[in-house]
Amino acid sequence: MGSGQLVAVFGAYGHTGRFVVAELAARGFVPVLSGRNAQTLEELADEHGLEARVASVDDPASLDSALAGTAAVINCAGPFASTVGPVIEAALRAKIPYLDVAAELEANLDTFAHYRERARDAGAVIVPAMAFFGGLGDLLATAAMGDWAEADEAHIAYALSNWHPTAGTRLSGAVSRERRGAHRLRYSGGQWERRTDAAPTLEWTFPEPMGRRPVIGEFTMADVVTVPQHLSIPDVTTYMTAEAARDVTAPQTPAPTATDESGRSNQTFLVDVVVRSGGAERRATAGGQDIYAVTAPLVTEALERVLTGRTKAVGVVSAGEIFDAPDFLHALAPHITLDPVFV
């Protein structure tokens, strides 16, 4: 457990940030709340009896002050295209691990491209996309691979009962669309493709009782960035159930509403991963409640393992590259349920 270690949470007062703060405290860490909105930050600090440190990505000195004396930093502040670089730089100056929950493809790609060599040479740990999108799919794909050194293709299908986006999700999506323009991204043949055609509507057969559902194919999410960074798989594709894809893009879809004392919504999810090599196929599946809430135990478990040395790599690393994937996934009980295929 955390043993009272200070952990900076940048963007602590956001929807996901609040879940992360609560999970850190429950595990014995002492969250240090940080962000640029002083009033909201102070209100959250007063509510939990924690320290608030106002900081802005436009002011490196304020970030240095926010991270001073902490064991690590978790970046929960979107849009990540604006926050990732400055917060990583501050973490490197402070010589502490950096983790984020970014689901923005461009921000994830930038992190690997810009910091891989620097972080490796410095022996630093940077774990991007350590969240529902990115981290969970990566861990499942790694676990499904098992003893395979390579595979032909990986498919990661998400079934969400609904997707009521937070304001942060909408803002991050808008930033990504602005950066991407009229293109969408697909990873095929070991490289990224920029495409202008519409993503295909397909069907995916999820494990029972869910069964066969319409999905948007090539609904490219952070897993498509993280998986090829360490697994030899030239084709990685993600899919989203069609209803959830419509929810997240519709302007009238409301924000998530808490339905239990922890603040979780009633949204449920299933992540179904299939890897194929030759004629063989392996599968790993996880289910749970609330994609935003489950990000908190994901990133907090990762943090705890980094700080206790239960890691396999340094530099900019994907979840399945730095952690023992099956062991990590089983540690997430009771937050997720797992198909026992890779036990």
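We now turn to the structure provided with this report. (Residues numbered from 1 in each chain as written. Predicted model: local features only at pLDDT ≥ 70, side-chain atom pairs only at ≥ 80, totals over all residues. Heavy atoms only, no water.)

**Some thoughts on the overall build of the protein**
What the protein contains, in helices and strands, is 12 helices and 16 strands. Its C-alpha atoms give the protein a radius of gyration of 19 Å, near enough to 20 Å, the size a compact globule of 343 residues would have. Taken over the C-alpha atoms alone, the protein extends approximately 55 × 45 × 40 Å along its principal axes. A separation of at least 24 residues holds for 68% of the contacts in the protein among residues at least 6 apart in sequence. When the accessible surface of the protein is summed, it comes to about 14000 Å², and 50% of that surface belongs to carbon and sulfur atoms. Charge-centre separation for the protein: the mean point of 27 positive side chains lies 3 Å from the mean point of 42 negative side chains. (Helix = DSSP H or I, 4+ residues; strand = E, 2+ residues; numbered from the N terminus. Rg over C-alpha atoms; globule rule 2.2 N^0.38 Å. Contact = heavy atoms within 4.5 Å. Areas by Shrake-Rupley, 256 points an atom, 1.4 Å probe, with all protein chains shown as cover. Lys, Arg positive; Asp, Glu negative; His and termini not counted. Charge placed at Lys NZ, Arg CZ, Asp CG, Glu CD.)

**Topic: the layout of surface pockets**
By volume, the second largest pocket amounts to about 320 Å³. In terms of lining residues, the second largest pocket is bounded by 14 residues, among which Glu-23, Ser-262, Arg-264, Ala-293 and His-335 are the most central. At the level of elements, α1 (15–26) and α10 (291–307) are the ones that each hand at least two residues to the lining of the second largest pocket. Residues that form the lining of the second largest pocket fall into these classes: eight nonpolar, three polar and three charged. (1 Å grid on protein atoms, 1.4 Å probe; cavity = no way out; pocket = protein on both sides within 12 Å on 5 of 7 lines; lining within 4 Å. Points joined across faces, edges and corners; volume = space filled by probe spheres on them. Nonpolar A, V, L, I, M, F, W, Y, C, P; charged D, E, K, R; others polar.)

**Notes on the packing of aromatic side chains**
Counting across every chain of the model gives nine aromatic pairs. With 5.4 Å between their ring centres and 65° between their planes, Tyr-187 and Trp-192 make a pair best called edge-to-face. For Tyr-187, a relative accessible area of 11% puts it in the buried group. Ring geometry for Trp-204 and Tyr-239: centres 5.1 Å apart, planes at 35°, overall tilted. Residue Trp-204 is located in strand β10 (residues 201–205), and its partner Tyr-239 is located in strand β12 (residues 235–241); the two are separated by 35 residues in the primary sequence. (Phe/Tyr/Trp six-rings, centres within 6.5 Å; stacked < 30°, edge-to-face > 60°. Buried < 20%, exposed > 50% of the residue type's maximum accessible area, 1.4 Å probe, protein only.)

**A look at unusual backbone geometry**
Looking along the chain, the bond that leaves Gly-78 and enters Pro-79 is cis, with omega of -5°. On the secondary structure map, Pro-79 appears in the loop between β4 (72–75) and α4 (80–94). The amide bond that connects Ala-333 to the next residue, Pro-334, takes the cis arrangement and shows omega of 10°. Tracing the backbone through its elements, the reader meets Pro-334 in the loop between α12 (325–331) and β16 (336–338).

**Structural notes on the packing of helix α3 (residues 60–67) against α4**
The contact between α3 and α4 brings their axes to 9 Å, and the two run at 55°. Accordingly, the angle class assigned to the pair α3 and α4 is oblique. The chirality of how α3 crosses α4 is right-handed. Across the interface between the two elements, Pro-60, Leu-63, Asp-64 and Leu-67 from α3 touch Pro-86, Val-87, Ala-90, Ala-91 and Arg-93 from α4. Classifying every residue of the contact of α3 with α4 gives seven nonpolar, no polar and two charged. (Axes fitted to C-alpha atoms, helices over the stretch in contact; angles between N-to-C directions. Parallel < 35°, antiparallel > 145°, perpendicular 65-115°, else oblique. Left-handed = near helix turned anticlockwise from the far one by under 90°.)

**Some points on the nonpolar core**
In this structure, Met-130, Phe-132 and Trp-163 are the most contacted members of the largest nonpolar core, which totals 109 residues. A total of 10 residues in this core trace back to one element, the largest contributor, which is α10. When sequence neighbours within four positions are dropped, the list of residues in contact with Phe-132 reads Gly-137, Tyr-158, Leu-160, Phe-269, Val-271, Ile-291, Val-294, Thr-295 and Leu-298. (Core = buried A, V, L, I, M, F, W, Y, C linked by side-chain atoms within 4.5 Å.)

**Re the pattern of salt bridges**
Across all of its chains, the model carries 23 salt bridges by this definition. Taking the shortest distance from any N to any O, the salt bridge between Arg-27 and Glu-301 comes out at 2.7 Å. Here the residue Arg-27 occupies a position in the loop between α1 and β2 (30–35), and Glu-301 occupies one in helix α10, the gap between them amounting to 274 residues. In terms of burial, Arg-27 and Glu-301 fall into one category: buried. When the shortest N-O distance is used, the salt bridge between Arg-276 and Glu-153 registers 3.0 Å. Note that Arg-276 is positioned in strand β13 (residues 268–277) and Glu-153 in strand β7 (residues 153–160), a separation of 123 residues in sequence. One network of salt bridges, with partners in common, ties together Glu-23, Arg-27, Glu-301, Glu-304, Arg-305, Arg-310 and Asp-327. (Salt bridge = Lys/Arg side-chain N within 4 Å of Asp/Glu carboxyl O.)

**Some details on the pairing of β7**
Among the eight residues that make up β7, seven are buried, leaving the element largely enclosed by the rest of the structure. Examined bridge by bridge, β7 and β12 share six bridges and lie parallel to one another. For Tyr-158, the partnering residue across the bridge sits in β12 and is Met-240. Bridge analysis of β7 against β13 gives eight bridges, and the strand direction is antiparallel. (Pairing = 2+ DSSP bridges.)

**Quick notes on the sheet that holds strand β6 (residues 125–127)**
Within the open sheet, the seven strands sit side by side as β3-β2-β1-β4-β5-β6-β15. Their pairing is parallel. Each edge of the sheet is formed by a strand with only one pairing partner; in this case those strands are β3 (51–54) and β15 (315–316). Pairing geometry for β2 and β3, over four bridges, is parallel. Each residue of the ladder has a partner; that of Ser-34, found in β3, is Arg-53. Packed onto the sheet, α3 meets β1 (6–10), β2, β3 and β4 and runs at close to 165° relative to β3.

**Re α10**
Between its first and last C-alpha, α10 extends 25 Å over 17 residues, near the 24 Å set by a 1.5 Å rise per residue. For α10, the tally of buried residues reaches 16 of 17 residues, placing the bulk of the element in the interior. Where α10 begins, the side chain of Asp-290 points an oxygen toward the backbone nitrogen of Tyr-292, at a separation of 2.9 Å. In the stretch just after α10, Gly-309 is the one whose phi turns positive, near 75°. (Expected span 1.5 Å × (residues − 1). Polar contact = N/O pair within 3.5 Å; in protein donor to acceptor, adjacent residues only side chain to side chain.)

Scope: geometric values only; no functional claims are made or implied.
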